Amino acid sequence: MSELLIVDNDKQSRKEVRLLITESKYSFLSIYESSTANRGMLLLKQSKPSALMIDLSLPDMDGMAFGKTALQLYPDLPIIVITQLKMFELVQSSINAGFLGYLLKPLSKNELIETLDRVLIPVLGKSVNRVMKTGEDYFTADLKNPIGSAIQYMQLYYSEPLTLKGLADKVYLSPSYFSKMFKEDTGMTFVEYLSFVRVQKAKALLRMSSLPIEVIANNSGFANSGYFATTFKKQLGITPSEYREQFHLEAEPGFTISAGGA
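Residues numbered from 1 in each chain as written. Predicted model: local features only at pLDDT ≥ 70, side-chain atom pairs only at ≥ 80, totals over all residues. Heavy atoms only, no water.

> Explain the pairing of strand E5 (residues 101–104) to me, please; I cannot follow it from the model alone.
Regular strands place side chains that alternate from one sheet face to the opposite one. The pairing of strand E4 (residues 79–83) with E5 spans four bridges and is classified as parallel. Each residue of the ladder has a partner; that of Val81, found in E5, is Tyr102. A crossover connection joins E4 to the parallel E5 through helix H4 (residues 88–97); in handedness this β-α-β unit is right-handed. (Pairing = 2+ DSSP bridges. Helix = DSSP H or I, 4+ residues; strand = E, 2+ residues; numbered from the N terminus. Right-handed = clockwise from strand over helix to strand, strands pointing away.)

Written out as structure tokens, the structure is:
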């Protein structure tokens, strides 16, 4: 489950953060709140969230110290500072401590979403990969069926930056001969087939989750959401958002996947 933990003594501030997120593309996040460091640490130990937001002025512990303790518990935990204190020294200390964001109250929705985009997309991406993998990533080239082996490899590693030369090397063929054989066997070029595989993987995530389009694009192997949308529409005639909306309108309420913190 994708979770955000907010540790802030200011009840109104926590309410505003919750409202901004609920009205954004990150509305799928489960939000947990704490007004104290003690309670916040208990929640952290119970479940690692996808991200942590902390105020620097907590009643029972300095917020900077709390964040450093959280990083000792989870070294890769994204931490975002939310504070009324506009001081260069605090910003510098936050950076040095390994925190990934520093936002001033009252929060701007655009700045909050931009920060979440920056710190959450890599985290959610790793979780999506865990959800989508159904078996061991084990590959052995079958020299009697090099194109079949190449297709198997593409199905396993579609989210990685694959190249024709790199895959030709995997199946021990020259790039030119591999390209010719691939087109003859599949009716598509290497690039066309790879785009097809990636779009199919993306369609599953669009149907099963409410993850942001950027996350789905990134974890389906596309360089950015713009190229993903262009490729998706070229293949299906509609955009990823239109596909998701169409599916959700037709489908009955049911189980969805929201991948996130462990």
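Past the structure itself, the notes keep going.
> Hey, could you run me through the packing of helix H3 (residues 63–73) against H4 in this one?
A pair of packed helices can be characterised by two numbers: the angle between their axes and the separation between those axes. Interaxial distance between H3 and H4 falls to 10 Å at its minimum, and their mutual angle equals 10°. Judged by the angle between their axes, H3 and H4 are roughly parallel. Contacts between H3 and H4 involve Met64, Lys68 and Leu71 on the former and, on the latter, Leu90, Ser93, Ser94 and Ala97. Looking at the contact of H3 with H4, its residues break down into four nonpolar, two polar and one charged. (Axes fitted to C-alpha atoms, helices over the stretch in contact; angles between N-to-C directions. Parallel < 35°, antiparallel > 145°, perpendicular 65-115°, else oblique. Contact = heavy atoms within 4.5 Å. Nonpolar A, V, L, I, M, F, W, Y, C, P; charged D, E, K, R; others polar.)

> Looking at this structure, I do not really get unusual backbone geometry. What am I missing?
The bulk of non-glycine residues show a negative phi, and the bulk of peptide bonds are trans. Each neighbour pair has its own omega, and for Lys105 with Pro106 the value is -10°, a cis peptide bond. Tracing the backbone through its elements, the reader meets Pro106 in the loop between E5 and helix H5 (109–132).

> Would you explain the environment of Tyr193 in this entry?
For Tyr193, the location among the structural elements is in helix H9 (residues 190–208). Residue classification places Tyr193 among the buried positions, given a relative accessible area of 13%. Along the chain, Tyr193 and Phe182 lie eleven residues apart, while their C-alpha atoms are 9.3 Å from each other. For Tyr193, the residues in contact, after removing those within four places along its chain, are Ile151, Met154, Gln155, Phe182, Thr186 and Met188. (Buried < 20%, exposed > 50% of the residue type's maximum accessible area, 1.4 Å probe, protein only.)

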